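Breakdown of the fold
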Amino acid sequence: MLQAEQGQIQIHTENIFPIIKKAVYSGHEVFLRELVSNGVDAISKRRMAAMAGDCSEGPDGQILIRIDREAKTLTISDNGIGMNADEVKRYINQVAFSSAEDFLEKYKSESDAIIGHFGLGFYSSFMVAKQVELVTLSAREGSEAVRWSCDGSPSFQLEAAERTEPGTDVILHLMEEELEYIEPARIKTLITTYCDFMPVEVQLEGETVNKREAPWRKSPRDLSDNDYIELYRYLYPFQGDPLLWVHLNTDYPYNLQGILYFPQFSGRADWEKGEIRLYCNQVFVSDSIKEVVPRYLLPLRGVIDSPDIPLNVSRSALQTDRRVRSIGGFVAKKVGDRLKDLHRDDPKRYAEIWESLAPFIKIGAMEDDKFAEQVADLVLFGTTAQPQEQPVQPQEQATEGDAWAEAPAQSLDPIPGSDGKAYTTLSGYRSRLDAANDKRILYCTDEAGQAGALALWKSQGAEVLLADTFIDTQFIPWLEYRHEELKFQRVDAELDDSLREQESELSDAEGKDASEKIRELFKAALANDKVTIQVQALKGDNAPAALILLPEQMRRINDMGALMEQRLPGLPDHHVLLINRRHKLVDGLLKLSAGSVITGAGGGSPSQQLADDLSRHLYEMARLAVGGLEPNQLAGFQQRSSDLMGRLMERGL
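About the thresholds
- Residues numbered from 1 in each chain as written.
- Predicted model: local features only at pLDDT ≥ 70, side-chain atom pairs only at ≥ 80, totals over all residues.
- Heavy atoms only, no water.
- Patch = residues over 30% accessible without salt bridge, like charges linked within 9 Å, V, L, I, M, F, W, Y side chains within 5 Å.
- Areas by Shrake-Rupley, 256 points an atom, 1.4 Å probe, with all protein chains shown as cover.
- Salt bridge = Lys/Arg side-chain N within 4 Å of Asp/Glu carboxyl O.
- Helix = DSSP H or I, 4+ residues; strand = E, 2+ residues; numbered from the N terminus.
- Buried < 20%, exposed > 50% of the residue type's maximum accessible area, 1.4 Å probe, protein only.
- Pairing = 2+ DSSP bridges.
- Axes fitted to C-alpha atoms, helices over the stretch in contact; angles between N-to-C directions.
- Phe/Tyr/Trp six-rings, centres within 6.5 Å; stacked < 30°, edge-to-face > 60°.
- 1 Å grid on protein atoms, 1.4 Å probe; cavity = no way out; pocket = protein on both sides within 12 Å on 5 of 7 lines; lining within 4 Å.
- Points joined across faces, edges and corners; volume = space filled by probe spheres on them.
- Expected span 1.5 Å × (residues − 1).
- Contact = heavy atoms within 4.5 Å.
- Polar contact = N/O pair within 3.5 Å; in protein donor to acceptor, adjacent residues only side chain to side chain.
- pLDDT = per-residue confidence, 0-100.
- Parallel < 35°, antiparallel > 145°, perpendicular 65-115°, else oblique.
- Left-handed = near helix turned anticlockwise from the far one by under 90°.
- Nonpolar A, V, L, I, M, F, W, Y, C, P; charged D, E, K, R; others polar.

Some points on a nonpolar patch on the surface
On the surface, Met621, Leu624 and Leu634 cluster together to form a nonpolar patch covering roughly 220 Å² of accessible area. Along the chain, leucine 634 falls in helix H20 (residues 631-652). Judged by its relative accessible area of 32%, leucine 634 is partly exposed.

Below is the structure:
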């Protein structure tokens, strides 16, 4: 009968090497990061132990890297605390132990100076080396130097060595397939990548390679604008200067420092992986931090440095937990605070860079309710209103809804931007609406394609928001969902009475007025039941002869279908053709049709045919204005236009 018992699972060293080589680390090159990190760790330990009087202080910390091409060796040396024989046995042979944990138990102050775990990091050297030697001398008084050697098997040798100064040499006898690591250029690149901001000097063949100083670890009071810009230029060369930056610094409930930059947005950004660099105590870990930073902030650039972000044992991947999500919320809040400050303190500058800020803010608002509340009155729209050059006092405004719609008017709204543009917030726009229309939000998504309708609204003094980015196709419906009391209407959706002349029309002997005759003329000429023809008298001498109207819901359904099919939205088959009966061209068409005389054996009328062709031409011109003619239709349109012009010339001559 099986007896119940208790025991401990044993971890055998023969299992460590295959795991190290094939599973733990995703890339061989990180061995250098681990060994240099261990050296920096040892230097920090010596400094703290010396302060406690446990060992000699020694010179300034330094990491030396030496290459021996003939011997095919790479040596990483430090002048840190070193180890005695017992410590080598414990920290090197017994991988399950962590020297950092034991050391911190004694020296709990300055715990962030300890980079990582010596044991497993040290064994990463076997990814590139067929044999590893370690020569070390403890800085504690009375210690003797020892040499440890292993060929990657569970066997090792430990013996006395010759070394006069405290510290450690790690000597890698490289495998034949890993000889790229005796090339100085390759090692220099790795130091720059992983060790550039480590607080200890790293030398390669007598040259100091790393920068050492990490600006994000300083207080913002100690940094100038030029310091921030120089760091950005160094991390992202040939990318222009940043628009603004956010300095992160907190030690509760977690330790985190960093600097995030808003780049000059060109429309091309990595919304999945990101370009922010993750460091752990100034050691580069990863340039993919999608688990830490909310997706809408991933295209920001810069550095986040935290020892409290949980990494897997090789530091190559993040482990998502509640703390990581909390850090992401902290970063988002700090970004929102920075945007608020800029919008309040320098609204003109904010408006000038708005086009680059907009994707982050709009996507963030749609994906994160907390962020949406924070940036509620920071979202700008281009506007047809004239910009305010002088601040005005905010006025009280009794409105309903949340912060997106009811915040008081800004002291400078509309805000002047670059190139003569003006920008406004949703609340600022609503503050200028009259009481009869304060729930209708007019917007335009394409100033060229919707020029006719836009001109009509502007001619009657209406202010129109310009929502002309790709994101706005999703952002406008999101705003409308958020504000059920508001109606967002594109300028070419419909026209209200303020744009129409209220004229009475006379009927002829058959009881038909001019509008009905024009409608019949176009209906016969187009012969397309999917096109609804409306005839109205539009205000303004510059009102177009004809324009396409797209009812709001019909257009949105069409746009959604295009989005699902991953194509550009075209002109829906069902749309409205609005004919302006006050236009001279339309009036001439009506007279031309009325004066037509049937001639010839076929019973046709040249005048009527010309009127039909002109009607079709007006329709195609209206379609062309909204991008409704496909590329394969343009050639036919050009040919018909040329033929029509020729016939008009013959008629005039």
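Focus on the sheet that holds strand S22 (residues 575-580)
Pairing is mixed in the open sheet, where three strands are placed in the order S20-S22-S21. Since the sheet does not close on itself, it has two edges, and those belong to strand S20 (531-536) and strand S21 (546-549), each with one partner. For this sheet, the mean inter-axis angle between neighbouring strands, taken without regard to orientation, is 25°. Across six bridges, S20 lies against S22 in parallel orientation. Bridging across to S22, glutamine 534 finds its partner in leucine 578.

A look at the packing of aromatic side chains
What the rule picks out here adds up to 21 aromatic pairs. Both rings, one in tyrosine 350 and one in tryptophan 354, keep their centres 5.9 Å apart while their planes meet at 35°; by these two values the pair is tilted. In this structure, tyrosine 350 and tryptophan 354 share a single accessibility class: buried. Aromatic side chains phenylalanine 475 and tryptophan 478 sit 5.5 Å apart centroid to centroid with 25° between the ring planes, which places their arrangement in the stacked category. Of this pair, phenylalanine 475 and tryptophan 478 both sit in helix H15 (residues 472-482), three residues apart, roughly one helical turn. An identical accessibility class is assigned to phenylalanine 475 and tryptophan 478; each is buried. Among the aromatic residues, those joined into a ring-pair cluster are Tyr194, Phe197, Trp216, Tyr234, Tyr279 and Phe284.

Observations concerning empty space enclosed by the protein
The tally for this structure, following the rule as stated, stands at one cavity of 30 Å³ or more. If you add up the space inside the largest cavity, you get close to 60 Å³. Taken together, ten residues form the lining of the largest cavity, with Leu35, Asn38, Gly39, Asp78 and Val170 sitting closest to its centre. Every element with two or more residues in the lining of the largest cavity is listed here: helix H2 (30-51), strand S2 (73-78) and strand S6 (167-174).

Digging into helix H16 (residues 514-526)
Relative to the 18 Å expected for 13 residues at 1.5 Å per residue, H16 spans 18 Å between its end C-alpha atoms, a close match to the ideal helical length. Residues of H16 that are buried sit in contact with S20, S22, helix H18 (584-594) and helix H19 (606-625). Sitting at the amino-terminal end of H16 is aspartate 513, which places a side-chain oxygen 3.3 Å from the backbone nitrogen of serine 515.

Structural notes on the confidence of the model for the chain
When pLDDT is averaged along the chain, the result is 83; 82% of the residues meet or exceed 70. Contacts for the low-pLDDT stretch residues 107-119, under 50 throughout, to residues beyond four places or in other chains number 40 contacts.

Some thoughts on the packing of helix H10 (residues 354-367) against H15
Contact pair H10 / H15: the axes reach a minimum separation of 10 Å and the direction vectors enclose 45°. One way to sum up the angle between H10 and H15 is to call them oblique. As H10 runs across H15, the sense of the crossing is left-handed. On the side of H10, the interface is formed by Lys362, Ala365 and Met366, while H15 contributes Asp472, Gln474, Phe475 and Trp478. Looking at the contact of H10 with H15, its residues break down into four nonpolar, one polar and two charged.

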